[in-house]
Amino acid sequence: TSTILREILASVLGEQALPEPLDDNALLLGAVPEIDSMAVIAVLTGIEERFGFAIADDEVSADIFETFGSLRRFVESRAS
């Protein structure tokens, strides 16, 4: 899951925008300027395509994008 999420984030934001290290504690929303509303939509679309599930609008909150770990946990909870 982490590898695929890294690929999605890198394709949307650019590899240079990703925090290093990109671990569960890496801050995303608010810490990475490239993460704006359009980037969030692109990341969510990438997740839907790569993991094969739909994400409803009411499931999306800023908490999901707080850290890489919170994003990973959200995807894993939906993918299982």
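See the structure shown above.
Read on for an overview of the structure.

## Observations regarding the side chain of serine 70
Assignment of secondary structure puts serine 70 in helix 3 (residues 68–79). A distance of 2.9 Å separates the side chain of serine 70 from the backbone oxygen of isoleucine 64, its partner in a polar contact.

## Focus: the pattern of salt bridges
Counting across every chain of the model gives six salt bridges. The salt bridge involving glutamate 7 is made with arginine 50; its shortest N-O contact spans 3.0 Å. You can see glutamate 7 sitting in helix 1 (residues 2–13) and its partner arginine 50 sitting in helix 2 (residues 37–51), a full 43 residues away along the chain. A relative accessible area of 39% places glutamate 7 in the partly exposed class. Given a relative accessible area of 45%, arginine 50 falls into the partly exposed group.

## Here's the deal with helix 3
Two residues of an α-helix separated by three or four positions point the same way, owing to the 3.6 residues in each turn. The end-to-end C-alpha separation of helix 3 is 16 Å, in line with the 16 Å expected for twelve residues at 1.5 Å each. Of all the positions in helix 3, only Phe68, Gly69, Ser70, Leu71, Arg72, Phe74 and Val75 are classed as buried. Looking at the buried residues of helix 3, the elements they touch are helix 1 and helix 2.

## Regarding the packing of aromatic side chains
Overall, the coordinates contain one aromatic pair when judged by the stated rule. When the ring of phenylalanine 51 is compared with that of phenylalanine 53, the centres are 6.4 Å apart and the planes differ by 40 degrees; the resulting orientation is tilted. Given a relative accessible area of 10%, phenylalanine 53 falls into the buried group.

Criteria and thresholds
Residues numbered from 1 in each chain as written. Predicted model: local features only at pLDDT ≥ 70, side-chain atom pairs only at ≥ 80, totals over all residues. Heavy atoms only, no water. Helix = DSSP H or I, 4+ residues; strand = E, 2+ residues; numbered from the N terminus. Polar contact = N/O pair within 3.5 Å; in protein donor to acceptor, adjacent residues only side chain to side chain. Salt bridge = Lys/Arg side-chain N within 4 Å of Asp/Glu carboxyl O. Buried < 20%, exposed > 50% of the residue type's maximum accessible area, 1.4 Å probe, protein only. Expected span 1.5 Å × (residues − 1). Contact = heavy atoms within 4.5 Å. Phe/Tyr/Trp six-rings, centres within 6.5 Å; stacked < 30°, edge-to-face > 60°.

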